[in-house]
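# Remarks on the overall topology
Residues per chain are reported as follows:
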Amino acid sequence: MMMRRLLPFLLCLWLLAAPVLAFAQNAQNAQAAAPAPATAATAPAAPTPPGKPTLPTLPDVNVGQIGDRNVSLPLQTLLLMTAITLIPSILLAMTAFTRIIIVLGLLRQALGTGQTPSNQVLVGLALFLTMLVMMPVGEKAWAQGMAPYLDGQIDFATAWTLTTGPLRDFMLAQVRETDLMTFAGMAGHASYASPADVPFPIVVASFMTSELKTAFEIGFLIFIPFVIIDLVVASVLMSMGMMMLSPMLVSAPFKILLFVLVDGWVLIVGSLAASFN
């Protein structure tokens, strides 16, 4: 009975995988059967018409060969999909997103509203607030590195250094010295003569731990008024002998009312944006 149930699933899986395997096999056969390039001199390239802008030459990125060994097509696809999956997380880890989303999550927990606002709402608010905070850094990186590179004024290595410079300065401005020295000791480095000598991985790691500590400090300050409301409500209910009534159920409307009266969302968002150096 179990084999009868699994047989249609295996058949569908084979039908879906067959075209992919056939494409990979054909690509490998075509690459192996490709003729050798001709040794004759090629014709000179046509001159660029006057007045027509020339596009910059992008860096050659070839994952088809590592050293002297060729990489198979399935492995190339795996590397590409892995990079596409990890790049968004890496970019979010190097921006203000970490602090903002943690503070918003702690705020929701302090209000005691369960899953309201939802995760999608909090993530959307955190993303747009991150864009506003990181906009000066992005504009500076574009003006210094990407724009001259696309205009053909500098090479890719120089453009990479100038583009990551503002992001590096932003992260170093938020990093605590204790976190930086901790990761420097883990890497076997004693100290650094200048901020420019700090390796980029150490900057990112110390930035993330500093952001976590700062976010929890802000969350602690947010929790204080709501905890006071919970204590007052619990004391009143205890004095009235209402043992079976949940204090969280009674205090939730008062916490929401207090948060709305003080315009809490504007205060939280403004304070988060102003907390970045």
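Everything that follows concerns the structure shown earlier in this document.
Parameters and conventions
- All residue numbers here refer to positions counted from 1 along the written sequence of the relevant chain.
- The predicted origin of the model limits local features to residues at a pLDDT of at least 70 and limits the giving and counting of side-chain atom pairs to 80 or more, whereas totals for whole chains, interfaces and linings rest on all residues.
- Each side-chain value is worked out from all heavy atoms of the structure, with water and hydrogens disregarded.
- Throughout this description, the term nonpolar core refers to a set of buried Ala, Val, Leu, Ile, Met, Phe, Trp, Tyr and Cys residues connected via side-chain atoms within 4.5 Å.
- When accessible area is computed with a 1.4 Å probe and restricted to protein chains, residues below 20% of their type maximum are described as buried, those above 50% as exposed, and intermediate ones as partly exposed.
- A run of H or I in DSSP becomes a helix once it reaches four residues, and a run of E becomes a strand once it reaches two; helices and strands are each numbered from the N terminus.
- We call two residues contacting when some pair of their heavy atoms lies within 4.5 Å.
- Whenever a nitrogen or oxygen atom comes within 3.5 Å of another N or O atom, the pair is scored as a polar contact, on the condition that within protein one atom can donate a hydrogen and the other can accept it, and that pairs from neighbouring residues in sequence are kept only if both atoms are in side chains.

It is worth spelling out the nonpolar core at this point. Residues Ala96, Ile100, Leu107, Phe170, Met171, Phe226 and Ile268 are the most contacted members of the largest nonpolar core, which totals 37 residues. Of all elements in the fold, only α3 (97–111), α4 (119–150), α5 (156–174), α6 (177–186), α7 (200–239) and α9 (264–274) reach the threshold of two or more residues within this core. A total of 9 residues in this core trace back to one element, the largest contributor, which is α3. Among residues more than four places away in sequence, those in contact with Ala96 are Thr130, Val133, Met134, Phe170 and Phe276.

This part covers the side chain of Thr95. Tracing the sequence through the fold places Thr95 in the loop between α2 (73–93) and α3. Looking at Thr95, the relative accessible area reads 14%, which means it is buried. Of note is the side chain of Thr95, whose polar atom sits 3.0 Å from the backbone oxygen of Leu92. The contact partners of Thr95, leaving out residues within four places of it in the chain, are Thr130, Met134, Phe170 and Phe207.

Our focus in this paragraph is unusual backbone geometry. The omega torsion of the bond from Thr116 to Pro117 falls at -5°, within 30 degrees of zero and hence cis. Residue position: Pro117 is located in the loop between α3 and α4. Residue Asp263 is not a glycine yet carries a positive backbone phi of 55°. Locating Asp263 in the fold gives a position in the loop between α8 (247–261) and α9. The exposure class assigned to Asp263 is partly exposed, which follows from its relative accessible area of 44%.

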